[in-house]
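Structure assessment
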Amino acid sequence: MIAENFEAIIKNKGYVFFDGGLSWNLNLIGIRNSNKKSDKFDDNLLVIYRNDNKDWEVFSAAATTDPGKIPLLRPISKSGTAILVPDQYRGSHKIDLHAGKYTALRQSGAPVKVYRDDDRDAVLDMDPSTIQEGYFGINIHRANRRGSTAMVRSYSAGCQVLQKARDFHNLMEIAERSASFFGNSFTYTLLTEEDVL
């Protein structure tokens, strides 16, 4: 079963898997594709949790965990474009405004680690010597307000971005329900494709 498989993967990495037999105790998980090319929604975002009946639910959405081509070619930071480092970030996100515009999951609860890619090409570079830790606005949000978006482009400069507006709407409904039980604090775990194979 998917929930048990991910519980084993996450615990094997020394991370926390949220359950306790409680409803709406969310595991918010990104899975990064091994492809180093930018501009594709070729990653996944999962939410694994128990529903009101304590049965497992798995929400899955196409997403990107990488920056798009535009910010890679023209970094908005003098250190280079942010690429989130795979890890578990406890209490890192809260329901809040993304860029002051609409409600999303904003990185405001804890620092995260990012690689800095500053060679200004469209290939994703994840050099451990460039890692920085801090508050970089690595939010979890949507691309277009409606429908599905074909290319990442400038929708992500390091954020975790869902491809389909409906998926994002569903994610936020799940998050709001969880917050009513556990408060406005969410842990985000970023895994790689190799972790789950």
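Parameters and conventions
Residues numbered from 1 in each chain as written. Predicted model: local features only at pLDDT ≥ 70, side-chain atom pairs only at ≥ 80, totals over all residues. Heavy atoms only, no water. Salt bridge = Lys/Arg side-chain N within 4 Å of Asp/Glu carboxyl O. Helix = DSSP H or I, 4+ residues; strand = E, 2+ residues; numbered from the N terminus. Buried < 20%, exposed > 50% of the residue type's maximum accessible area, 1.4 Å probe, protein only. Phe/Tyr/Trp six-rings, centres within 6.5 Å; stacked < 30°, edge-to-face > 60°. Lys NZ or Arg CZ within 6 Å of the ring centre and 35° of its normal. Polar contact = N/O pair within 3.5 Å; in protein donor to acceptor, adjacent residues only side chain to side chain. Contact = heavy atoms within 4.5 Å.

When the charged atoms of two side chains with opposite charge come close together, those side chains can pair. Summed over the entire model, instances satisfying the criterion amount to eight salt bridges. Here aspartate 195 ties to lysine 13 by a salt bridge, and the two come within 3.3 Å at their closest N and O atoms. Highlighted residues: aspartate 195 in helix H4 (residues 193-196) and lysine 13 in the loop between helix H1 (2-12) and strand S1 (27-32), separated in sequence by 182 residues. A relative accessible area of 36% means that lysine 13 is categorised as partly exposed. One salt bridge in this structure joins lysine 113 and aspartate 87, with 2.7 Å as the shortest N-O distance. Taken together, the residues span a long stretch of sequence, with lysine 113 in strand S7 (residues 112-117) and aspartate 87 in the loop between strand S4 (81-84) and strand S5 (88-98) at a distance of 26 residues. In this structure aspartate 87 comes out as buried when scored by relative accessible area, which is 16%.

Let's shift gears to the packing of aromatic side chains. Using the criterion set out here, one finds four aromatic pairs in the structure. A centroid spacing of 5.9 Å and a plane angle of 55° characterise the contact between phenylalanine 17 and tryptophan 56, whose relative ring orientation is tilted. Note that phenylalanine 17 is positioned in the loop between H1 and S1 and tryptophan 56 in strand S3 (residues 56-64), a separation of 39 residues in sequence. As far as the burial class goes, phenylalanine 17 and tryptophan 56 line up, both buried. Ring geometry for phenylalanine 181 and phenylalanine 182: centres 6.5 Å apart, planes at 45°, overall tilted. When the ring centre of phenylalanine 136 is taken as origin, the NZ or CZ atom of arginine 116, which lies over that ring, is 4.9 Å away. It is arginine 142 that lies over the ring of tyrosine 102; its NZ or CZ is 3.8 Å from the centre.

Along the chain, threonine 81 falls in strand S4. The class of threonine 81 is buried, set by a relative accessible area of 3%. A polar atom in the side chain of threonine 81 sits 2.6 Å from the backbone oxygen of proline 71. Apart from the residues lying within four places of it in its own chain, the contact partners of threonine 81 are Pro67, Pro71, Leu72, Pro75, Tyr115, Arg116, Asp117 and Ala157.

Take it as geometry only, folks, not as evidence of what the structure does.
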